[in-house]
Amino acid sequence: MTMQERIHQQLTALAPQHLEVLNESHMHSRGQETHYKAVIVSEQFAGLNSVKRHQKVYATMGELMSQIHALAIHTYTAEEWTQVGAAPASPVCAGGGKH
């Protein structure tokens, strides 16, 4: 199972109505599978601010978080997702980890 699949599987614990896990490692120059983006639409985020939502995702990811370098997290309730329709594009790597 790839790391992308492992992340996806772990995040299903949040009972998402929509879940995307993208491998964005190609945007970085090391050639390793270490950068991911998660778009999660779940009613478990209702009433939570962005910090609490991220904490919920980190708790759900557990030990898997220590095996990746970066996870861009975009969390929405179903109502919010209907309004925005898409997560923002990730920025191109600024070069901090480039060799």
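To be clear, the structure that these remarks concern was listed above.
This is a predicted model, so every value here is computed, not measured.

Cut-off values and rules
Residues numbered from 1 in each chain as written. Predicted model: local features only at pLDDT ≥ 70, side-chain atom pairs only at ≥ 80, totals over all residues. Heavy atoms only, no water. Helix = DSSP H or I, 4+ residues; strand = E, 2+ residues; numbered from the N terminus. Buried < 20%, exposed > 50% of the residue type's maximum accessible area, 1.4 Å probe, protein only. Lys, Arg positive; Asp, Glu negative; His and termini not counted. Salt bridge = Lys/Arg side-chain N within 4 Å of Asp/Glu carboxyl O. Contact = heavy atoms within 4.5 Å.

Participant: Give me the lowdown on the side chain of Lys 37, citing residues and values where you can.
Facilitator: With respect to the secondary-structure elements, Lys 37 resides in strand S2 (residues 35-41). Buried and unpaired, Lys 37 has Glu 24 as its nearest opposite-charge partner, separated by 4.3 Å. Leave out the neighbours within four places in its chain, and Lys 37 touches Glu 20, Val 21, Leu 22, Glu 24, Leu 71, Ala 72, His 74, Ala 87, Pro 88, Ala 89 and Ser 90.

Participant: Residues and numbers for the pattern of salt bridges, please.
Facilitator: In a structure, side chains of opposite charge can pair up when their charged atoms sit close to one another. Enumeration according to the criterion identifies 1 salt bridge in this entry. Between Arg 53 and Glu 80 there is a salt bridge, with its nearest N and O atoms 2.8 Å apart. With Arg 53 in helix H2 (residues 50-61) and Glu 80 in helix H3 (residues 78-84), the pair connects residues that are 27 residues apart, well separated along the chain. On the basis of relative accessibility, which here comes to 8%, the residue Arg 53 falls in the buried class.

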